[in-house]
Amino acid sequence: MADAKVIPFDDDRSRAGALQRPSRRRTAGNRRKGEPAVIREVQPLPKRSLGQDDVSVTHEQPEPPKRLDQPREGGLERRVAGGLAFLRKRLTGDYEIDDFGYDAELTDQVLMSLLRPMFEKYFRVEVKGIENVPSEGGALIVANHSGTLPLDGLMMQVAVHDHHPADRHLRLLAADLVFVLPVVNELARKLGHTLACGEDAERLLAQGELVGVMPEGFKGVGKPFSERYKLQRFGRGGFVSTALRQGTPIIPCSIVGAEEIYPMLGNAKTLARLLGFPYFPITPTFPWLGPLGAVPLPTKWTIQFGEPIPTDGYPPEAADDPMLMFNLTDQVREQIQHTLYKLLVQRRSVFF
């Protein structure tokens, strides 16, 4: 590129020569009084470094606009590759499970994907207070239990997995009946559930896991509809003793919405004893509608995690103090019950 010419305005000959050259334009910008004006040609020029007396023009090709309907680059390929890698590991047995049978990869890739539509679309669960769940280390989450079938535990597990910033997993303590039922037993183990006993709970807490327990047990999940949202007895406080031994916080959790999915109007106790079940529910739809009666009602749920109750300030022998266990158990129970009443007052509709 030829250097740009500086043309003083007080030189008539230079001005006349400028009129004979190709069309040019003045550069925009501020100019002090008395300084010469800089004129440059408007034509494609290669990019070069600027000198003291040089003026250069850089022409850059604008990037074509991206279409909004185009898929994210490599998104489909990554999903397909991830699915094929998952199937390869399943077929070759190249995956890990822990001592309790928990399969983290299967839970993330498959089981959570099956539960998530029920959580987000069917029950439309609203999660509150998830910041009270620690990002690392062990903690014991204690929740109320209801609903005739234990779907509330599964929804609480999805709430922690999907809404916690650290993507933590919740390991639920389940009743003996869960682990004697075919198919249910295997799925529960894969999801990370384990037997509701102090030894298993202590091992998980010592490993820094989140452990979920519902102390009401069958008394809560199988109570009649007339006693909805009234907490049953919390056993003998074994969960408090477990938390005290490990020094982990206790996080109360209140679940609203599960009581109405199967309104239990009666209990066929004789049939329940014949089948080996703790109860046999009679609802407005079951057993009258057959298999359709097993479809839960689409109620609107709220799961709220309360403020943690610390246990690390107690001495080791505190786990064997029955009075302390009773007081802490009552404190957890009262906090859950108070939050349930508060959420019920705020709720405008069971279904909306």
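Look up a bit, the structure's there.
Presented here is an overview of the structure given in this document. None of the values given here were measured: they were computed from a predicted structure.

What follows covers helix α8 (residues 238-246). Listing the buried residues of α8 in full gives Phe 239, Val 240, Ser 241, Thr 242, Ala 243 and Leu 244. On the buried face of α8, the contacting elements are β5 (139-143), α6 (198-206), β8 (210-213), β9 (250-256) and α10 (322-346). Backbone geometry just after α8 places Gly 247 at a positive phi near 65°.

Turning next to helix α3 (residues 104-122). A maximum bend of about 45° is found in α3 at Met 112. The inward-facing, buried residues of α3 abut α2 (75-92), β4 (126-128), α4 (151-163) and α5 (184-190). The N-terminus of α3 is capped by Asp 103, whose side-chain oxygen sits 3.4 Å from the backbone nitrogen of Glu 105.

A word on the packing of α2 against α3. Each pair of packed helices gets described by two things: the angle between the helix axes and the distance between those axes. Two elements in contact, α2 and α3, have axes whose closest approach is 12 Å; the angle formed by their N-to-C orientations is 135°. Between α2 and α3, the interaxial angle falls into the category oblique. Here α2 and α3 pass one another in a crossing that is left-handed. Counted together, Phe 86, Lys 89 and Arg 90 of α2 and Glu 105, Leu 106, Gln 109 and Val 110 of α3 form the full contact between these two elements.

As a further point, take empty space enclosed by the protein. Think of a ball as big as a water molecule: rolled over the atoms, this probe shows where empty space is left. In total, this model carries three cavities of 30 Å³ or more according to the counting rule given. Taken as a whole, the largest cavity encloses approximately 50 Å³ of empty space. Gly 147, Thr 148, Val 221, Lys 223, Pro 224, Phe 225, Glu 259, Tyr 262 and Met 264 together form the lining of the largest cavity. Grouping the constituent residues of the lining of the largest cavity by class yields five nonpolar, two polar and two charged. Taken as a whole, the second largest cavity spans an internal volume of roughly 40 Å³. Taken together, Asn 144, His 145, Ser 146, Glu 216, Lys 223, Tyr 229, Lys 230, Leu 231, Glu 259 and Leu 340 form the lining of the second largest cavity.

This part takes up the pattern of salt bridges. As enumerated under the stated definition, the model contains ten salt bridges in all. Between Glu 105 and Lys 89 there is a salt bridge; the shortest N-O distance is 3.7 Å. With Glu 105 in helix α3 and Lys 89 in helix α2, the pair connects residues that are 16 residues apart, well separated along the chain. Residue classification places Glu 105 among the partly exposed positions, given a relative accessible area of 25%. In this structure Lys 89 comes out as partly exposed when scored by relative accessible area, which is 25%. Here Glu 202 makes a salt bridge to Arg 245, at a shortest N to O gap of 3.9 Å. Here the residue Glu 202 occupies a position in helix α6, and Arg 245 occupies one in helix α8, the gap between them amounting to 43 residues. Given the relative accessible area of 42%, Arg 245 is considered partly exposed. The network of salt bridges with common partners includes Asp 98, Arg 171 and Glu 209.

Turning our attention to the nonpolar core. Membership of the largest hydrophobic core comes to 35 residues, with the highest contact counts inside it found for Ile 141, Met 156, Ile 255, Trp 301 and Phe 305. For this core, the elements supplying multiple residues, two or more each, are α3, β5, α4, β6 (170-174), β9 and β12 (302-305). Looking at this core, the element that brings in the most residues is α4, giving seven residues. Leaving out residues up to four positions away in the same chain, Trp 301 has contacts with Phe 123, Arg 124, Val 125, Glu 126, Leu 151, Asp 152, Met 155, Ile 255, Val 256, Gly 257, Ala 258 and Ile 261.

Once that is clear, we can look at the pairing of β12. One ladder, built from three bridges, connects β4 with β12; its direction is parallel. Bridged to Val 127 within β12 is Ile 303. Pairing of β9 with β12 involves four bridges; the strand directions are antiparallel. By the bridge assignment, Val 256 is partnered in β12 with Thr 302.

A few words on the packing of aromatic side chains. Summed over all chains, the structure comprises four aromatic pairs. A centroid spacing of 5.2 Å and a plane angle of 75° characterise the contact between Tyr 122 and Phe 123, whose relative ring orientation is edge-to-face. Considering the side-chain rings of Phe 234 and Phe 239, the 6.2 Å spacing of their centres and the 75° angle between planes classify their relative orientation as edge-to-face. Residue Phe 239 is classed as buried on the basis of its relative accessible area, which comes to 8%. Taken together, the ring pairs in this structure connect Tyr 122, Phe 123 and Trp 301 into an aromatic cluster. Across from the ring centre of Phe 225, 4.1 Å away, lies the NZ or CZ of Arg 228, which sits over that ring.

About the cut-offs
Residues numbered from 1 in each chain as written. Predicted model: local features only at pLDDT ≥ 70, side-chain atom pairs only at ≥ 80, totals over all residues. Heavy atoms only, no water. Buried < 20%, exposed > 50% of the residue type's maximum accessible area, 1.4 Å probe, protein only. Helix = DSSP H or I, 4+ residues; strand = E, 2+ residues; numbered from the N terminus. Contact = heavy atoms within 4.5 Å. Bend = angle between axes of the 7 residues up to and from the residue. Polar contact = N/O pair within 3.5 Å; in protein donor to acceptor, adjacent residues only side chain to side chain. Axes fitted to C-alpha atoms, helices over the stretch in contact; angles between N-to-C directions. Parallel < 35°, antiparallel > 145°, perpendicular 65-115°, else oblique. Left-handed = near helix turned anticlockwise from the far one by under 90°. 1 Å grid on protein atoms, 1.4 Å probe; cavity = no way out; pocket = protein on both sides within 12 Å on 5 of 7 lines; lining within 4 Å. Points joined across faces, edges and corners; volume = space filled by probe spheres on them. Nonpolar A, V, L, I, M, F, W, Y, C, P; charged D, E, K, R; others polar. Salt bridge = Lys/Arg side-chain N within 4 Å of Asp/Glu carboxyl O. Core = buried A, V, L, I, M, F, W, Y, C linked by side-chain atoms within 4.5 Å. Pairing = 2+ DSSP bridges. Phe/Tyr/Trp six-rings, centres within 6.5 Å; stacked < 30°, edge-to-face > 60°. Lys NZ or Arg CZ within 6 Å of the ring centre and 35° of its normal.

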